[in-house]
Amino acid sequence: MNNDFIKYQAQTSPYPLGMEVSYARGSYIFDTNNKKYLDFVAGVSACSLGHQPSRVNQAIKDQLDKYSHVMVYGEYSQSPAVEYCKLLASLLSSSLNKTYLVNSGTEAIEGALKLARRTTGRSQLISCHNAYHGNTMGSLSVMGFEERKRIFRPLIPDVDFITFNNEADLDKITTKTAAILLETIQGGAGFIEPQNDFLKKVRVRCNQVGALMILDEIQPGFGRTGKLFGFQNYDVVPDILVMGKGMGGGMPVGGFTASAAMMDLLSHDPKLGHITTFGGHPVIAAACLATLQEITETNLIAATLEKEKLFRLLLVHPLIQEIRGKGLMLAVITHSAAITNAVILRCQDKGLILFWLLFEECAIRITPPLTISEEEIREGCAILLNVLNEIQLKN
């Protein structure tokens, strides 16, 4: 591990994996010893088109030759951002027609929470236990995992929590509630899907009491679940849609989308109700546009479900309890955190990149690029199964 990495760059854990990256291409990352690693994580669901996608790279280069940052967000018309938001609106329900571009998923959550309070005039926010929506202070306030946020209190007030898929908890959504914020598929909790029309029942309850429904699609979005957005699998439409990660083909970006009537509230009373310097950056927006075009003009979205079937067919082993998730957002659940830790670390040694989830300690993350091939899936699953066999023999 590079000592300067530890000495000069702030760390997020005591034990970073520490691979020294040389370059990456397609579904592979290469270290400085030219060792090749098959990537089953895709930058934690961010590199939706793999590494160095030619269409995205070309869009970035073309835009760099025209102009980069010229003005704070919302003042000048810059064609990459305009064209991106226009294309996005054409692919969504008519009520989701105006997008605010920001720099990250957590920033998009902050904007969505502010918009909900501005729209309703109410203060209460509801989220879910074991929810993860980012790490800035507002996002942290709606994180449903006390161990990770206790040290940072006090956080924003008037936040309550329900249990995902628990219909009895929906009575907590009242006429005092500005919005309920849900991950369409719970990520950090273990890739838990909504059951028994849970999202539709949340939608009905919100309509009854005048609360807004915010769906966090930062991880399920942009083709990962067999639809452009995960909520499209469940016959429901949110009032505010939040996105990020795979949106930019590996570039840093986030956004939130709502109706024009709602979004326009951020422009007055007060003016500048939400502002950002670099949101809608033309180079990043060009990358987003190329990514969205590539995802929607090819068969990548439909192919995610076929690739899911292959993963489920191959990954059968006594140490695997179940596989959760949908499309290429999968969590392999082992029988213990110790097994999961051993698998992830040993697989990296053998040239396969896997990763953890935030709260479910038995989960192995499998979120490869949407562009991963059947051959690469078979290659990676063979490594994973061999490691599981080794662990089983030792135990």
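Residues numbered from 1 in each chain as written. Predicted model: local features only at pLDDT ≥ 70, side-chain atom pairs only at ≥ 80, totals over all residues. Heavy atoms only, no water.

*Asks:* Help me get a handle on the overall build of the protein, residues and values and all.
*Replies:* Secondary structure assignment for the protein yields 13 helices and 14 strands. Dimensions of the protein, computed from the C-alpha atoms along their principal axes, are close to 65 × 55 × 45 Å. Every one of the 395 residues in the protein was classed for burial, and the buried ones make up 53%. Summarising the internal contacts of the protein: among those between residues at least 6 apart in sequence, 71% fall at separations of at least 24. Accessible surface computed for the protein: about 17,500 Å², of which carbon and sulfur atoms make up 52%. (Helix = DSSP H or I, 4+ residues; strand = E, 2+ residues; numbered from the N terminus. Buried < 20%, exposed > 50% of the residue type's maximum accessible area, 1.4 Å probe, protein only. Contact = heavy atoms within 4.5 Å. Areas by Shrake-Rupley, 256 points an atom, 1.4 Å probe, with all protein chains shown as cover.)

*Asks:* Give me the lowdown on the pairing of strand S2 (residues 28–31), citing residues and values where you can.
*Replies:* Going residue by residue along S2, you find Tyr28 and Phe30 tucked away on one face and Ile29 and Asp31 tucked away on the opposite face as well. One ladder, built from four bridges, connects strand S1 (residues 21–25) with S2; its direction is antiparallel. Within the sheet, the bridge partner assigned to Ala24 lies in S2 and is Ile29. Count of turn residues in the S1/S2 antiparallel hairpin: two residues, of which Gly26 carries a positive phi of about 65°. (Pairing = 2+ DSSP bridges.)

*Asks:* Give me the environment of Ala337: which residues, what numbers.
*Replies:* By the element assignment, Ala337 lies in helix H12 (residues 337–349). A residue is classified by how much of its surface remains accessible, and Ala337, at 23% relative accessible area, is partly exposed. For the pair formed by Ala337 and Cys362, sequence separation is 25 residues and the distance between their alpha carbons is 4.5 Å. Residues contacting Ala337, with those up to four places away along its chain left out, are Glu361 and Cys362.

*Asks:* So, the layout of surface pockets: which residues are in play, and what are the values?
*Replies:* Taken as a whole, the second largest pocket encloses approximately 700 Å³ of empty space. Looking at the second largest pocket, it is lined by 28 residues, and the ones nearest its centre are Tyr73, Gly74, Glu75, Thr99 and Tyr100. Among the elements that make up the lining of the second largest pocket, the one with the highest residue count is helix H4 (residues 79–90) (five residues). Grouping the constituent residues of the lining of the second largest pocket by class yields 13 nonpolar, 11 polar and four charged. (1 Å grid on protein atoms, 1.4 Å probe; cavity = no way out; pocket = protein on both sides within 12 Å on 5 of 7 lines; lining within 4 Å. Points joined across faces, edges and corners; volume = space filled by probe spheres on them. Nonpolar A, V, L, I, M, F, W, Y, C, P; charged D, E, K, R; others polar.)

*Asks:* Describe a nonpolar patch on the surface, and please don't skip the residues or the numbers.
*Replies:* Taken together, the side chains of Leu17, Leu345 and Phe355 make up a nonpolar region of the molecular surface, amounting to roughly 220 Å² of accessible area. On the secondary structure map, Leu17 appears in the loop between helix H1 (3–8) and S1. For Leu17, a relative accessible area of 33% puts it in the partly exposed group. (Patch = residues over 30% accessible without salt bridge, like charges linked within 9 Å, V, L, I, M, F, W, Y side chains within 5 Å. Salt bridge = Lys/Arg side-chain N within 4 Å of Asp/Glu carboxyl O.)

*Asks:* I'd like to hear about unusual backbone geometry, residue by residue, with values.
*Replies:* The peptide bond linking Arg153 to Pro154 adopts the cis configuration, its omega dihedral lying at 10°. By secondary structure assignment, the location of Pro154 is in the loop between helix H7 (146–149) and strand S6 (159–162). With an omega of 5°, the peptide bond running from Asp269 to Pro270 counts as cis. With respect to the helices and strands, the residue Pro270 is situated in the loop between helix H9 (260–263) and helix H10 (282–297). Phi at Val44 is positive, roughly 55°, even though this residue is not glycine. Structurally, Val44 is set in helix H2 (residues 42–45). Owing to a relative accessible area of 24%, Val44 belongs among the partly exposed residues under this scheme. Located in the positive-phi region is Asp158, a residue other than glycine, with phi close to 65°. In this structure, Asp158 sits in the loop between H7 and S6. By relative accessible area, which is 38% here, Asp158 ends up partly exposed.

*Asks:* I'd like a description of the sheet that holds strand S11 (residues 320–326), backed by residues and values.
*Replies:* What links the strands of a sheet is backbone hydrogen bonding, and the strands pair in either a parallel or an antiparallel sense. Reading across the sheet, the three strands line up as S11-S12-S14 and stay open at both edges, with antiparallel pairing between neighbours. Unpaired on one side and paired on the other, S11 and strand S14 (363–366) mark the two borders of the sheet. On average, each strand axis in the sheet is tilted by 20° relative to the strand beside it, whichever way the strands run. Two strands pair when backbone bridges link them, and S11 and strand S12 (residues 329–334) are joined in this way by six bridges, in the antiparallel orientation. Residue pairing for S12: Lys326 is matched across the bridge by Met329. Here helix H11 (residues 300–314) sits on the sheet in contact with S11, S12 and S14, set at roughly 175° to S11. (Axes fitted to C-alpha atoms, helices over the stretch in contact; angles between N-to-C directions.)

*Asks:* Account for the pattern of salt bridges, naming residues and giving values.
*Replies:* One pass over the full model with this rule turns up 14 salt bridges. The partner of Glu294 in a salt bridge is Arg55, with the nearest N and O atoms 3.0 Å apart. Of the two residues, Glu294 is situated in helix H10 and Arg55 in helix H3 (residues 54–64); the sequence distance between them amounts to 239 residues. For the salt bridge of Glu297 with Arg55, the shortest nitrogen-to-oxygen distance reads 3.0 Å. Placement of Glu297 in helix H10 and of Arg55 in helix H3 is noted, with a sequence separation of 242 residues between them. Linked through salt bridges whose partners overlap, the residues forming this network are Arg55, Glu294 and Glu297.

*Asks:* Account for the sheet that holds strand S7 (residues 177–183), with residues named and values stated.
*Replies:* Within the open sheet, the seven strands sit side by side as S4-S10-S9-S8-S7-S5-S6. Their pairing is mixed. In this open sheet, the two edge strands, each paired with only one partner strand, are strand S4 (98–102) and S6. Adjacent strand axes in the sheet meet at a mean angle of 20°, parallel and antiparallel pairs treated alike. Sheet analysis places S7 next to strand S8 (residues 212–216), joined by five bridges and oriented parallel. Across the sheet, Ile180 pairs through a bridge with Met213, a residue of S8. Along the sheet, helix H5 (residues 105–120) contacts S4, strand S5 (124–128), S7, S8, strand S9 (240–243) and strand S10 (254–258); its crossing angle with S9, the most-contacted strand, is approximately 165°. Against the sheet, helix H8 (residues 198–209) contacts S6, S7 and S8, and its axis sits at roughly 150° relative to S8.

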